[in-house]
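Architecture and fold: a report
The residues making up each chain are set out below.
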Amino acid sequence: MFNKIKSHGAMTASAFLGVALAMLLAVSSAAPVRAGGESPETPRRDWSFSGILGKYDRAQLRRGFQVYKEVCSSCHGLRLLHYRNLAEPGGPQLSEAEVKAIAAEVEVEDGPNDEGEMFTRPGKPSDRFKSPYKNPQEARAANNGALPPDLSVIAKARGATVHLPWYLEPVKWVREVAAGYQEGGADYLYALLTGYEDVPQWVQKPDGRWERLAKGESSDKAKECVSITRSASGKEKCVPLGDGMNYNIAFPGHQIAMPPPLSDELVEYTDGSPQTVAQYAEDVTAFLMWAAEPKLEQRKRLGIQVLVYLAILAALLYLTKRKLWSRLEH
Amino acid sequence: MAHESTYQPNTAIERWLDDRLPIVRIMHDQFQTFPTPRNLNYWWTFGGILTFCLAVQLITGIVLAMHYIPSDKLAFDSVEHIMRDVNWGWLLRYTHAVGASMFFFAAYVHMFRGLYYGSYKAPREILWILGVLIILVMIATAFMGYSLVWGQMSFWAVTVITNLFSSLDSIISGLGTAIVQWIWGGYSVSGATLTRLFSLHYLFPFVIAGLVVLHIWALHVPGNNNPTGIEVKSSSDAIPFHPYYTVKDAYALALFAMLFAWFVFYAPNYLGHPDNYIPANPLQTPPHIVPEWYFLPFYAILRAIPSKLMGVTAMFAAIFVLFLAPWLDTSKVRSTKYRPIYKWFFWLFVITCLALGYLGAKPPEGWYLVFARVFTFLYFAHFLIIMPIVGVIERPRGMPGSITEAVLGRGRTGGGAGAEAGGAAAAGPETR
Amino acid sequence: MASHTMTESEEPTRRDFLFIASGAFAAVGGAAALWPLIDQMNPDASSKALASLEVDLRPVREGQAITVMWRGKPVFIRNRTGEEIEAARAVDLNDLPDPIARNANLPEDAPATDENRARDKAHERWLVVIGICTHLGCIPKGQRVGDARGDYGGWFCPCHGSHYDTAGRIRKGPAPRNLDVPPYQFVSDTKIKIG
């Protein structure tokens, strides 16, 4: 049964039903995968919150919240957050008044009142972020069967893809642990948000193999394939883009139900930051990292204190031990 | 090394207590003046480190249980509530999660140390068996603890592992299914499963604690093994546990705590899997089900064998074979230091375990599967073939006459001033 | 330890210093590590952020009382009659076991006059108190019609016999303090906001 799970999974499942369906069709007859089918390596980025001294950039978190609110929140919830979190230390640190105003923009269901009726009232800072849909069923119905995932911990629920020969993997582990690398999710989200591209063109050779056309090259026989799969008999098959799907280089399987959410000049920044897809993606990713890990600054600050304390303690104990054992001949 | 008691109750109250409950005497004799071989190296500090790990897991676990809600609807959110709202909740939860990994890391080092220095051999078989029991209960506890988060990995790990028992269907039709449904409390992994996992996850650590008490008891009857594998023969071979080893252990513990803290504060999710931050979804299996790193070697063995029943059997056998180690090893010599042939096989065994760990994280296909089978064979061969045969054919190296001789070098067995100092510091005359 | 001093008389000061220094340093760290374990039991961020509560007073007629839940506690809101107000005002402060107003909306040392127990002159009919006996936390009787209201016409705690008057002040029995007045204000003439 393990093998089964595995081979179905190699193309990766996702939170999007559409992809899952397309995948089932593609995978049921064919094993993965040739060039173009695998997820590409996720490029690493320098984040203000990486490393031992990492901290969130307040202005960036605020911009990121603005992007979330004006763009993402129409489909994606943040149900584990409360509006009050926006004012807490270590986050965007909006003022109490700003948070009250933001919370008051949504209508929250409350009750029952004295007549036993549910009623709506303006939101309060102690309320949870209101999700765009009442339940997953409504969310699917509104999105062609795809379920936009909640984003509360998305930055920790995704990881970066790395391709390395086996003998280099231990080196990678040591380096990542030593660097305190915890930004795989952020790297992935940024890659995803900036990863929308045209579907690659492929041409089938006389021997049945498919070859990818270089950018700019064209051919009248070219077909658009998100990936090429090979069946057990060795026959290659072009996987076309599914109906209502979008090509994304970073998304496992490359077919994502979410249309490109960002475009230049989409959100109006007031602090003069560039209004580009790249900047929006970086800002909203930072915001989502904070949403997933709101105590990051507290954690990293305490970490230094604890490590310094332990280093001194270890040094003292080492001296004590050496002094003590020097009484013994050895 | 049941040595004569050297406890002297000084006050009337101490005498009064000592006549009724000699607990102070036991602590004094077993943890203060207890004669300990003078040549224990830093690999021996992991016993103390493991005690620390157990204490950390117990304390943080009890505290987390004050906030965690074992319900399929609320478990995931309550963990996030701990991370976000509970005072220091993020610290407690990350310490507990990383603590499990640290616990296993220390336990594996402790086990390899025991294997290298022959600590499982007579008269320490019971000590070793208790240790294997501890690792068994630890495995069960850690597995159940991981399930409590009720993320995707939790849910599917429970599904897959509990389904192992359905392999019994191939022996008696329906038996496996009946057992699995009994474990689940339903026809699939559900809220009923979660609550029982929580209950047992709370219980088992106390079972571990009880086994640890027995483990230490069984240690204090024959006394510590040591890097030479030679028993303590004279008072100059041993030094009192306190302060020599309490301070040495404390120093090692402080270093270990730094590693622990590094993970808690700077890589708290590195040893976990991102998929466990996706709430459990019974309708969708994650693409790669990977257990926590400390289960990977066993997982590799499970998948290396094509038959379901045999795979499960092999996985459990991988642990049960450890119980037999004291009798499978035919060598008269304890310490691998003096075993020129076995030394090579020991390191091959270490590589085997690491390789199985690596392969457990890889898909069971192609070369991965081939190597998984090779290393699974090597794993069992180590115990069932190498240990019995090498012990017979090997000619051990020359060994020192005593621990003191090993420490101070030949020709000084009579003991200089230093040896006297050690002897004087020891609790009393040799009583073996 | 006595046996060591014989052989280790050299440099006892340095060794002792290291012993004490490491021991003390470890103890400080251990103590610091205890704090998260203790503090985690304090009210968490979500409890602290619990919302305020608005109550519509219109349905409460003169002489009646309602109980609402605020932060998990019952809050008594009584629409007092003229007689009850007068009775409360007639009390000499020196006769009160607890002469402090215990009103979260006033300074801590405000005297327990009836004026200081109600919110303001315009709304003197309304008495808002936390309905928890200051003795050992039972909920006093007196809210429902037909309840025993004790010797002073306010509330009566059946657990240990504490009598409260019509301003919610303790008059007789073991309770040490007047019923607490929670923070609240009138949003309009018929609506209050507690918290």
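Residues numbered from 1 in each chain as written. Chains lettered and ligands numbered in written order. Predicted model: local features only at pLDDT ≥ 70, side-chain atom pairs only at ≥ 80, totals over all residues. Heavy atoms only, no water.

This paragraph deals with the overall build of chain B. Looking only at helices and strands, one finds 16 helices and two strands in chain B. A compact globule built from 432 residues would reach a C-alpha radius of gyration of about 22 Å, and chain B, at 24 Å, matches this within 12%. Judged by the C-alpha coordinates and their principal axes, chain B covers about 75 × 60 × 40 Å. Counting every position in chain B, which comprises 432 residues, the buried fraction comes to 57%. (Helix = DSSP H or I, 4+ residues; strand = E, 2+ residues; numbered from the N terminus. Rg over C-alpha atoms; globule rule 2.2 N^0.38 Å. Buried < 20%, exposed > 50% of the residue type's maximum accessible area, 1.4 Å probe, protein only.)

All names here are of chain B. For chain B, the assigned domains are domain 1 (30-230 + 238-291) and domain 2 (298-396). Centre-to-centre separation of domain 1 and domain 2, based on C-alpha positions: 22 Å. Contact with domain 1, which involves 32 residues of that partner, is made by 32 residues of domain 2. Of the roughly 2900 Å² buried between domain 1 and domain 2, counting both surfaces, carbon and sulfur atoms make up 72%. It is Phe112, Tyr116 and Lys121 that lose the most area in domain 1 upon contact with domain 2, and together they represent 23% of the buried surface on that side. Our enumeration of links across domain 1 and domain 2 arrives at one salt bridge. Measuring nitrogen to oxygen at the nearest pair gives 3.0 Å for the salt bridge that ties Lys121 to Asp329. The tally of links from domain 1 across to domain 2 stands at twelve residue pairs in polar contact (both at pLDDT 80 or more). Taken together, the elements giving at least two residues each to the side of domain 1 that touches domain 2 come down to α5 (89-116) and α6 (125-148). (Domains from an automatic or database assignment. Contact = heavy atoms within 4.5 Å. Buried area = accessible area lost by both parts, 1.4 Å probe. Salt bridge = Lys/Arg side-chain N within 4 Å of Asp/Glu carboxyl O. Polar contact = N/O pair within 3.5 Å; in protein donor to acceptor, adjacent residues only side chain to side chain.)

In this section: the packing of helix α7 (residues 152-163) of chain B against helix α8 (residues 175-184) of chain B. To characterise two packed helices, one gives the angle between the axes of the helices and the distance between these axes. Residue and element names in this part refer to chain B. Remark: α7 packs on α8, axes separated minimally by 10 Å, with the N-to-C direction vectors making an angle of 145°. For the element pair α7 and α8, the recorded crossing hand is right-handed. On α8, the residues touching Thr159, Thr162 and Asn163 of α7 are Val180, Ile183 and Trp184. Here the contact of α7 with α8 is built from residues that sort into three nonpolar, three polar and no charged. (Axes fitted to C-alpha atoms, helices over the stretch in contact; angles between N-to-C directions. Left-handed = near helix turned anticlockwise from the far one by under 90°. Nonpolar A, V, L, I, M, F, W, Y, C, P; charged D, E, K, R; others polar.)

Moving on, we get to the confidence of the model for chain B. Residue and element names in this part refer to chain B. Model confidence for chain B is summarised by a mean pLDDT of 92, while 94% of its residues fall at 70 or above. Across residues 411-432, confidence stays below pLDDT 50; counting only partners more than four residues off in sequence or on other chains, it has 35 contacts. As a predicted assembly, this complex carries a pTM of 0.88 together with an ipTM value of 0.91. (pLDDT = per-residue confidence, 0-100.)

Time to look at a nonpolar patch on the surface. Residues and elements named next belong to chain B. Taken together, the side chains of Ile341, Phe377, Leu384, Ile385, Ile389, Val392 and Ile393 present a nonpolar region at the surface, about 680 Å² in accessible area. Per-element tally for the nonpolar patch: the top contributor is helix α14 (residues 366-393), with six residues. Mapped onto the elements of the fold, Ile393 is located in helix α14. (Patch = residues over 30% accessible without salt bridge, like charges linked within 9 Å, V, L, I, M, F, W, Y side chains within 5 Å. Areas by Shrake-Rupley, 256 points an atom, 1.4 Å probe, with all protein chains shown as cover.)

We now examine a negative patch on the surface. Residue and element names in this part refer to chain A. Taken together, Glu70, Asp264, Glu265 and Glu268 make up a surface patch of like negative charges. Tracing the backbone shows Glu70 in helix α3 (residues 58-70). Given a relative accessible area of 48%, Glu70 falls into the partly exposed group. (Lys, Arg positive; Asp, Glu negative; His and termini not counted. Charge placed at Lys NZ, Arg CZ, Asp CG, Glu CD.)

This next bit is on the interface of chain B and chain C. Facing the 18 residues of chain B at the interface are 18 residues of chain C. Of the roughly 1400 Å² buried at the junction of chain B and chain C (both faces included), carbon and sulfur atoms supply 63%. Interface area lost by chain B to chain C is led by B:Asp85, B:Asn87 and B:Trp88, which between them contribute 35%. Counting across the chain B and chain C interface gives seven residue pairs in polar contact (both at pLDDT 80 or more). For the side of chain B that touches chain C, the secondary-structure elements that each account for two or more residues are α3 (46-65), α5, α10 (241-266) and α16 (417-425) of chain B.

Here we take up the packing of aromatic side chains. Aromatic rings in a pair are described by how distant their centres are and how their planes are angled relative to each other. Under the definition given, this model contains 52 aromatic pairs over all chains. Judged by centre distance (5.6 Å) and plane angle (75°), the rings of B:Trp293 and B:Tyr294 are edge-to-face. Of the residues examined, B:Tyr294 reaches a relative accessible area of 2% and is grouped as buried. In this structure, A:Arg45 is placed above the aromatic ring of A:Tyr190, and the distance from its NZ or CZ to the ring centre is 3.8 Å. A cation over an aromatic ring shows up here: B:Arg339 above the ring of B:Tyr342, its NZ or CZ 4.2 Å from the ring centre. (Phe/Tyr/Trp six-rings, centres within 6.5 Å; stacked < 30°, edge-to-face > 60°. Lys NZ or Arg CZ within 6 Å of the ring centre and 35° of its normal.)

Glancing now at the side chain of B:Lys248. Structurally, B:Lys248 is set in helix α10. At 7.3 Å, B:Asp249 is the nearest oppositely charged side chain to B:Lys248, a buried residue that forms no salt bridge. Excluding residues that lie within four positions of it along the chain, B:Lys248 makes contacts with A:Lys321, A:Trp325, B:Leu40, B:Asn41, B:Tyr42 and B:Thr45.

Turning our attention to helix α4 (residues 75-84) of chain B. Taking burial as the measure, the ten residues of α4(B) include nine buried ones, the bulk of the element. Burial in α4(B) covers these residues: B:Ala75, B:Phe76, B:Asp77, B:Ser78, B:Val79, B:Glu80, B:Ile82, B:Met83 and B:Arg84. On its buried side, α4(B) packs onto α6 (154-157) and α9 (277-292) of chain A together with α3, α5, α6 and α9 (191-220) of chain B.

Following both chains from N to C, one finds helix α10 (residues 296-325) of chain A and α10(B) inclined at 160°, their axes separated by 9 Å at the closest point. In terms of orientation, α10(A) and α10(B) fall into the roughly antiparallel class. Relative to α10(B), α10(A) is oriented so that their crossing is left-handed. In terms of residue class, the contact of α10(A) with α10(B) is built from 27 nonpolar, two polar and four charged. (Parallel < 35°, antiparallel > 145°, perpendicular 65-115°, else oblique.)

Tallying each qualifying case throughout the model produces 39 salt bridges over all chains. Notably, a salt bridge pairs A:Glu176 with A:Arg44, separated by 2.5 Å at the nearest N-O pair. On the criterion of sequence distance, the pair formed by A:Glu176 in helix α7 (residues 169-179) and A:Arg44 in the loop between β1 (30-31) and α3 is long-range, its members being 132 residues apart. On the basis of relative accessible area, A:Glu176 is assigned to the buried category, the value being 7%. Between C:Asp56 and C:Arg58 there is a salt bridge, and its shortest N-O distance comes to 2.8 Å. C:Arg58 gets classed as exposed once you look at its relative accessible area, which sits at 61%. In this structure, a network of salt bridges that share partners links the residues C:Arg80, C:Arg89, C:Asp114, C:Glu115 and C:Glu124.

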